[in-house]
Structures are given as C-alpha cells and as structure tokens.
Amino acid sequence: MELNVLRANPAGNITLFVLDPVPIGGRAGLASRLMALPGSDVEQVGFVCPPASGCAGRMEMAGGEFCGNAARAFGMLMAQRLGGLPQVLVEVSGCGAPVTVDVDLSAGTARAQMPLPRAVSPARVDGRSGVLVDLGGIAHLVVEDAPPSLEFFQRAEPLFQSIPDLEAYGVIFLDTARGAMTPLVKVPAAGSLVWEGSCGSGSLAAAVAQSLDAPDGPFVRSYAQPAGVVEASVVRRDGEAASAWIGGPVSLDPPTVVQL
C-alpha cells in the first residue's frame, strides 16, 4: 500500500498529514501503523479531506479530535498551496466553526484562532490544585509544579469521564519558575497516549488557567515545551475569555510516499 503524506513540524508537535482519501473507519489503525514506522518521530496523524464549505481545505485528526498545532500547520499548507496567502480559513475536526489561520511563510510562523473554553473549573488530584479547561472536544487539566508522571495522569483521568463529547484529553504539567510545560495527551479513539513535543490546545489551557485573575485585556505567554515554544494569547473581557490564539514556528517537509 502506498500513501502520499507530508510531515509538518509545528513547534516540535510532529504531525503527519495523509494526502490521499482514507475512510473514517480505517484512520485510527492507519495512524497507529504510520506512527510505528521505523525511525518515525510522528506524534499524531491528520487526514486531508474535501472542505464542506468555501474554506481553503479541511483536515480531520485520526481520533476526530481538535488539535491547535495541526490546525495552524494545515493552515500554512493551504496558504502555501494557494500562492502564499497571509490568511486562510480551514475546517478542522473537533471544531464546529472554520478556523482562521494567519501565516507568515517568510518567517516560518503560523497562528490559529482557538475555540473558547466551554467550561473552566477548579480541580484537585492527589492533594494538588489544578484548573480543568474544557475546550469542547478536548480538555486539559493544568497543574502547577507537579513532577510530570504517567501515574499522576492516570489518577487525574476520572476528572474527564463526566465531560460530554470529549475526543481527547491531557494533563499539562506547568513549571511556573521556568514558564515551561510538559503535555501528556490521550486520544482514546486513536489508541494513543503521547508525551507531546508541544501542545497547542494545552498551551491555550495553560494561558486560560493562568489568566483567571488577570485584568481585562490581552494575556500573552510563551510556553517552552520539550521540543518547541508555543505562544498563547487570551483576551479577557468582563472577566471572561473573549478571543484566543496560539502561534509559533511551523515547518513543512516536501510531500513524500510511504509504503505500508
């Protein structure tokens, strides 16, 4: 079996876009096979699909989840294909509205508008306080200064069971002294649990959690992650998040063919 694919690197969150049509039912298994190829550094797989509306393109993740890093990388790909547009609208799985992506091809950066939190609530795991941020389709527990561990993630998992329509969830281990974060993200439908090089939605969740007591106006933070830096910005109005973006470097490899 031959597949046309393209490897994208949005701030170290290595994403493989499958350019050929693949039925929904076969995507999770195919993604697992692609991620398991010898020498692969792929953390997640997205599938390029025909857009349903007048957007530049549509991309669906293997588990049907929303991914901010993949969205901005896909936006850069579409902008490149359309002659270098500075802004595109794309459809992305897990998001009910088109996503605006601003692209600077010369600088190698892209930023994507993010869905606003559906709910934000305090949470507690193993005696540690955290903030549970539900972005609709994906949710993250942001916990400050807890050592990153699979065991903590597993003890936090029950928090996500009552959230409806959840396709993915993670724990964001935030190191407040260094302004750094370590994301561990699970996509049940794709059978994946990954220590990600960077996480766009996790970066937004961290900014939402850290800006809860901030005054109205923009709150901007750059989060250093294991393989890259993502800038997250939240604009607060009347104490609520009114708009949100994530941005940072993106690189796209030339399309290639893989044999399975």
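What this report covers is the structure whose coordinates are included nearby. (Residues numbered from 1 in each chain as written. Predicted model: local features only at pLDDT ≥ 70, side-chain atom pairs only at ≥ 80, totals over all residues. Heavy atoms only, no water.)

### Quick word on the overall build of the protein
For clarity, the cut-off: Starting at the N terminus, helices and strands are each numbered in turn, a helix being any DSSP run of H or I of at least four residues and a strand any DSSP run of E of at least two. Based on C-alpha atoms, the radius of gyration is set beside the globule rule, defined as 2.2 Å times the residue count to the power 0.38. Note on exposure labels: buried denotes an accessible area under 20% of the residue type's maximum, exposed denotes more than 50%, and partly exposed covers the range between, all computed with a 1.4 Å probe on protein chains only. Working rule for contacts: check all heavy atoms of both residues, and any pair within 4.5 Å makes them a contact. With residues, only the protein chains shown are counted as cover, and all accessible areas are computed by Shrake-Rupley using a 1.4 Å probe. A positive count includes Lys and Arg, and a negative count includes Asp and Glu. His and the chain ends are not counted in either. In this description, the location of a charge corresponds to atom NZ of lysine, CZ of arginine, CG of aspartate or CD of glutamate.
When helices and strands are tallied, the protein shows four helices and 17 strands. The C-alpha radius of gyration computed for the protein amounts to 17 Å, which stays within 12% of the reference 18 Å derived for 260 residues, consistent with globular compactness. Along the first, second and third principal axes, the C-alpha set of the protein runs to 50 × 35 × 30 Å. Across the 260 residues of the protein, 54% fall into the buried class. Within the protein, residue pairs in contact and separated by at least 24 positions form 56% of the contacts whose partners lie at least 6 positions apart. For the protein, the computed accessible surface area is about 10800 Å², with 53% contributed by carbon and sulfur atoms. Positive and negative charge centroids in the protein, built from 16 and 25 side chains respectively, lie 1 Å apart.

### Thoughts on unusual backbone geometry
Backbone geometry at Asp126 places phi at a positive 55°, although glycine is not the residue there. With respect to the helices, strands and loops of the structure, Asp126 is situated in the loop between β8 (119–125) and β9 (128–134).

### A word on helix α4 (residues 200–210)
Of all 11 residues in α4, 10 are buried, a share of seventy percent or more. Regarding α4, the residues found buried are Gly200, Ser201, Gly202, Ser203, Leu204, Ala205, Ala206, Ala207, Val208 and Ala209.

### Things to note about the pattern of salt bridges
Test applied: By convention in these notes, a salt bridge is any Lys or Arg side-chain nitrogen within 4 Å of a carboxyl oxygen on Asp or Glu.
Applying the stated criterion across every chain, the model contains 10 salt bridges. In this structure, the salt-bridge partner of Arg118 is Asp134, at a minimum N-O distance of 2.8 Å. Highlighted residues: Arg118 in the loop between β7 (109–113) and β8 and Asp134 in strand β9, separated in sequence by 16 residues. We note a salt bridge from Glu157 to Lys186, for which the minimum N-O separation is 3.2 Å. In this pair, Glu157 is assigned in the loop between α3 (150–156) and β11 (168–175) and Lys186 in strand β12 (residues 180–187), connecting sequence segments 29 residues apart. Under the relative-accessibility criterion, Lys186 is labelled partly exposed at 25%.

### What to know about the environment of Gly57
Of note, Gly57 is situated in strand β4 (residues 57–61). Ignoring any residue separated from it by four or fewer positions in sequence, one finds Gly57 in contact with Pro51, Phe74, Met78, Leu89, Val90 and Glu91.

### A closer look at helix α1 (residues 27–35)
Going by this rule: The arc refers to the directions leading from the helix axis to the C-beta atoms.
Along α1, the positions that sit buried rather than exposed are Arg27, Ala28, Leu30, Ala31 and Leu34. Down the axis of α1, the smallest arc covering the buried residues is 165°, so these residues share one side. The secondary structure elements touched by the buried residues of α1 are β1 (2–10), β2 (15–18), β3 (44–49), β4 and β17 (256–259).

### Brief notes about the packing of aromatic side chains
Test applied: Stacked, edge-to-face and tilted labels apply to pairs of Phe, Tyr and Trp rings (six-membered ring for Trp) whose centres lie within 6.5 Å, assigned for plane angles under 30 degrees, over 60, and everything in between, in that order. Ring-over charges, as used throughout, are those where CZ of Arg or NZ of Lys falls within 6 Å of the ring centre and within 35 degrees of the ring normal.
Scanning all chains against the criterion turns up five aromatic pairs. The rings of Phe152, Phe173 and Trp195 are connected pair by pair, giving a single aromatic cluster. The positively charged end of Arg111 is found above the aromatic ring belonging to Trp245, 3.8 Å away from the centroid.

### As for the environment of Ala241
Locating Ala241 in the fold gives a position in strand β16 (residues 240–252). The contact partners of Ala241, leaving out residues within four places of it in the chain, are Leu116, Pro117, Val234, Val235 and Arg236.

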